[in-house]
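# Coordinates in review
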Amino acid sequence: MTSDMNNTGNFTKQTNNKNYLYEPPVFTVEQRLEKIKQALPQVEKLFENEFTKNHFPGLAYGIIVDGELLSTHSFGYIDLQQKIPATSKSLFRIASMTKSFTAMAIVKLRDDGKLRLDDPVQQYIPELKMTDMLTNDAPIITIRHLLIQHAGMPEDDPWADRLLALPDNEFLAMLKKGISISNPPGTIWEYTNLGYTMLGRIITVVSQMSYQKYIKREILDPLGMTNTFWEYNEIPSELLARGYRWECERYSEENLLHDGAYGAMGGLISSIEDFSKYISYHLQAWPARNEPDHGLVRRSSLREMHHPWNFIQLSTYKHRPCPFMCAYAYGLAWIKDNDGLVAITHSGGLPGFGSNWIMLPEHGIGLVSFANGTYAELDTINSIIIEQIVTLAELKSRQLPIPKILTERKNQLIKLLLENNWNIQDSELSVIFAENFFLDHSLELRKKTSQDLLNEAGKILNIKKLIPKNQLRGHFDIIGEQATIQVKFSLSPENPPLLQELELVKINQ
């Protein structure tokens with residue numbers, strides 16, 4: 001019999017939880033970066049096909065791995081008349097991908113103690129007091145409601161997309177008339193641009209500068225996103241992507257929209273090179289760890305932005321028969337499919353433009369693509385490609401190192417099961433077992449159950465490595481000649497953590 005058991009199986013050892021430092025999960029795939037690079041030619045072919053079949057005037061994409069822009073490629077033109085090729089430096093309007101910048105600004109103001117997410121919106125926008133709720137028992141709309149699209153305002157894409165340049169005074173005048181509500185706040189998800197325009201106004205009021213200046217000063221400039229703009233008039237013509245509509249077998253140019261009050265929901269203009277810095281910043285928030293935190297906002301605040309706060313739907317991908325669950329975070333969407341793959345993503349669309357970015361925080365990779373075609377849908381191709389990268393490169397999510405306390409408890413269990421047959425002194429029981437353990441199942445029953453299973457397993461050949469679920473839960477296999485016994489256990493939240501649950505399951509070979 002072989003085992004990774006060591007002398008930590010001593011029952012008399014008292015464990016102080018403070019001695020067990022947290023070790024974050026790590027990547028374990030060998031030659032991970034090289035395997036990703038080998039998948040890049042396939043990625044380029046998929047994007048080229050997407051560019052051709054959809055009549056995009058121009059398309060650019062970038063792949064981000066471990067905080068670096070690993071690969072970028074472009075097709076077509078950003079200006080059809082001047083025949084200016086698309087590049088990774090070309091500047092496309094990213095539309096609703098702007099929303100997470102607005103959300104990040106709100107979170108930063110929260111972290112700096114300038115506001116609370118559960119503050120009433122009318123505290124900062126008194127004009128909203130003129131709006132009547134649908135029901136007498138409706139809650140007051142809060143900043144949090146706006147962040148997670150839970151404010152009861154109607155879906156407004158066709159209308160709001162044409163209001164990008166609306167001046168602040170006209171926006172406030174509109175609010176003074178009252179707005180129409182589609183649902184009581186806090187009852188159902190509904191995507192609204194008006195809500196994020198209000199968040200922009202809150203940033204302006206709290207910071208005492210325009211939301212554009214605040215986001216540039218506090219987010220764009222510190223991230224080195226010096227080629228990301230709000231107003232297209234500030235951009236050199238050789239870098240500015242013109243927007244086009246493909247209609248009746250020909251292109252027609254869309255009028256570019258100036259910046260205004262509605263820019264907080266969809267006004268930013270950026271390049272693949274610049275936006276990759278933003279994705280890298282989001283990726284570095286994972287995993288949770290103990291190293292110094294010197295970012296624009298806390299890593300925990302970024303992970304809060306990625307959290308699924310408001311359920312949207314259970315659906316199935318267009319490109320494969322796999323169900324997924326979708327929820328809204330802070331200016332972002334959270335998706336988890338049936339295979340357990342978690343993605344953070346958001347699309348953008350305006351007359352003349354379409355965009356999407358997606359990242360897999362547990363895999364350390366991201367992808368962004370821009371096109372200068374009206375409402376170009378890039379979410380599906382981005383999902384296909386990032387899944388292809390995971391498959392072709394055989395990527396796995398980070399794996400948790402085995403916590404020392406789980407190793408200690410495992411070795412104590414092995415000694416009990418295979419050497420002592422549960423024959424231990426009463427005084428030793430409290431060293432390893434929580435108070436509930438023998439109240440749930442008696443010592444006699446546990447002894448009989450484990451012995452019966454081990455008899456069925458036959459001669460013990462090996463004890464496999466422990467697989468942690470988290471810091472206080474895991475399982476390992478005992479390999480016998482006739483069967484395998486899987487040992488699952490979890491520890492209590494007390495200090496030191498003790499065994500509160502144990503399950504032995506026979507697995508036929």
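Residues numbered from 1 in each chain as written. Predicted model: local features only at pLDDT ≥ 70, side-chain atom pairs only at ≥ 80, totals over all residues. Heavy atoms only, no water.

Naming follows an unreviewed UniProt entry, where the chain appears as Beta-lactamase-related domain-containing protein of Adineta steineri.

### Section: the pattern of salt bridges
A full pass over the atoms with the stated rule returns 25 salt bridges. Salt-bridge contacts for glutamate 394 lead to lysine 35; the nearest nitrogen and oxygen are separated by 3.6 Å. In this pair, glutamate 394 sits in the loop between helix 11 (379-392) and helix 12 (404-420) while lysine 35 sits in helix 1 (residues 32-53), placing the two residues 359 residues apart along the sequence. By relative accessible area, lysine 35 is classed as partly exposed at 23%. With a closest N to O distance of 2.8 Å, arginine 110 and aspartate 111 form a salt bridge. Among the charged side chains, a network of salt bridges with common partners joins Lys108, Asp112, Arg217 and Glu218. (Salt bridge = Lys/Arg side-chain N within 4 Å of Asp/Glu carboxyl O. Helix = DSSP H or I, 4+ residues; strand = E, 2+ residues; numbered from the N terminus. Buried < 20%, exposed > 50% of the residue type's maximum accessible area, 1.4 Å probe, protein only.)

### Here we look at empty space enclosed by the protein
Within this structure, the stated rule accounts for two cavities of 30 Å³ or more. Looking at the largest cavity, its volume works out to about 50 Å³. Lining the largest cavity are Asp168, Phe171, Thr197, Gly200, Arg201, Thr204, Tyr211 and Ala261. Mapped onto the lining of the largest cavity, the elements with two or more residues apiece are helix 5 (168-176) and helix 6 (193-207). (1 Å grid on protein atoms, 1.4 Å probe; cavity = no way out; pocket = protein on both sides within 12 Å on 5 of 7 lines; lining within 4 Å. Points joined across faces, edges and corners; volume = space filled by probe spheres on them.)

### Some thoughts on the packing of aromatic side chains
With the rule as written, the count across this model stands at 27 aromatic pairs. Measuring from ring centre to ring centre gives 6.4 Å for tyrosine 244 and tyrosine 251, while their planes differ by 70°; the resulting arrangement is edge-to-face. For tyrosine 251, a relative accessible area of 29% gives the class partly exposed. Ring centres 4.4 Å apart and planes at 25° place the aromatic pair phenylalanine 433 and phenylalanine 437 in the stacked group. Here phenylalanine 433 falls in the buried class, since its relative accessible area comes to 4%. (Phe/Tyr/Trp six-rings, centres within 6.5 Å; stacked < 30°, edge-to-face > 60°.)

### Points about unusual backbone geometry
With an omega of -5°, the peptide bond running from tryptophan 286 to proline 287 counts as cis. Within the element layout of this structure, proline 287 appears in the loop between helix 9 (272-283) and helix 10 (299-306). Here the residue pair asparagine 495 and proline 496 is connected by a cis peptide bond, since its omega of 5° sits within 30 degrees of zero. For histidine 55, which is not glycine, the phi torsion reads 55° and is therefore positive. If you trace the backbone, histidine 55 turns up in the loop between helix 1 and strand 1 (58-65). Its identity is not glycine, yet tyrosine 375 carries a phi of approximately 50°, on the positive side. Following the sequence through the fold, tyrosine 375 ends up in the loop between strand 13 (365-371) and helix 11.

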